[in-house]
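The lines below spell out each chain.
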Amino acid sequence: MARALSKLGVCSRTQAEALVRDGRVVVNGRLVLDPLIWVSLESDRFAVDGQPVGAEGKVYLMLNKPRGLVTTAQDEQGRGTVYECLQGADLPWLGPVGRLDKASEGLLLFSNDTTWAARLTDPASHLDKTYHVQIDRVADAALLQAMERGMTVEGERLLAKSVRLLRVGERNSWLEVVLDEGRNRHIRRLLAAHEVETLRLVRVAIGGLVLGDLAKGQWRMLTAEEVAQLSGVSPRK
């Protein structure tokens, strides 16, 4: 039941479980209290708080995530979330496609198309993600090569697909780092293992989708071509 509500784009699976347990969900005119009960998306009729719900149109959007927000719908610690950037918009419930940690910024995708989202986040997809990273020192060739060579950190093998120097200051520098997999705090942990501190981390592209000049905290819908290209499907003409 909870999974069905999530797939319909009503809310997250966790939120759906709470709705069911609170007695706010009716299926085919009957109250349902078990979030694990099997239902059919094709034939069953659903209502939440007395309002019928059905499959929403598929929505795909990109957000320029500001630093300081967590990528979750609700935070137990009361921190600001990325959903604050979507407040006031006439949108169905959308889930983040992948994550950016609180201190990170940049391109973050949202959709209610769970199949598309799962395809993009599947490690087997090896979808490139490009980051601009400011570090606390002037980078040399040895550091760049070491990041591409990789190392084992806390039992995980961390490496970058490619690293290049963007610009250098007196005491810091900016790197462009491309990953084709994403582990928790991947770049920060890899740099920390080389005793390098990450000052800023901005995701600027996912596959061929570029953040561009989208203002911080703003969002826009993806085009049909962008959606298809991200999932490796040629758009229909």
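Remember, it's a predicted structure, so these values are computed and weren't measured experimentally.

## Here we look at the sheet that holds strand β4 (residues 51-53)
Working step 1: Here four strands make up an open sheet; going across it, the order is β2-β1-β3-β4 and the pairing antiparallel. Edge strands, defined here as strands with exactly one partner in the open sheet, are β2 (30-31) and β4.
Working step 2: Bridge count for strand β1 (residues 25-27) against β2 is two bridges, and the pairing is antiparallel. Pairing of Val26 across the sheet is with Leu31, part of β2.

## Comments concerning the nonpolar core
Working step 1: With 31 residues, the main nonpolar core has Phe110, Val133, Ile135, Met147, Leu175, Val177 and Ile187 as its most contacted residues.
Working step 2: Looking at this core, the elements with two or more residues in it are β5 (60-65), β7 (105-111), β8 (129-135), α4 (141-149), β12 (173-179) and α5 (186-193).
Working step 3: Aside from chain neighbours lying at most four places away, what touches Val177 is Lys129, Thr130, Tyr131, Val133, Met147, Ala160, Ser162, Val163 and Ile187.
Working step 4: Met62, Val97, Ala117 and Leu222 belong to the second-largest nonpolar core, a separate cluster that totals 16 residues.

## A few points about unusual backbone geometry
Working step 1: Here His126, not a glycine, exhibits a phi torsion of approximately 50 degrees, which is positive.
Working step 2: Along the polypeptide, His126 turns up in the loop between α3 (114-121) and β8.
Working step 3: Here His126 falls in the partly exposed class, since its relative accessible area comes to 46%.
Working step 4: One non-glycine residue, Glu154, lies in the positive phi region at around 50 degrees.
Working step 5: Note on placement: Glu154 falls in the loop between β9 (151-153) and β10 (156-158).
Working step 6: Given the relative accessible area of 71%, Glu154 is considered exposed.

Here is what the cut-offs are and how they apply
Residues numbered from 1 in each chain as written. Predicted model: local features only at pLDDT ≥ 70, side-chain atom pairs only at ≥ 80, totals over all residues. Heavy atoms only, no water. Pairing = 2+ DSSP bridges. Helix = DSSP H or I, 4+ residues; strand = E, 2+ residues; numbered from the N terminus. Core = buried A, V, L, I, M, F, W, Y, C linked by side-chain atoms within 4.5 Å. Buried < 20%, exposed > 50% of the residue type's maximum accessible area, 1.4 Å probe, protein only. Contact = heavy atoms within 4.5 Å.

The analysis is restricted to geometry; functional conclusions fall outside its scope.
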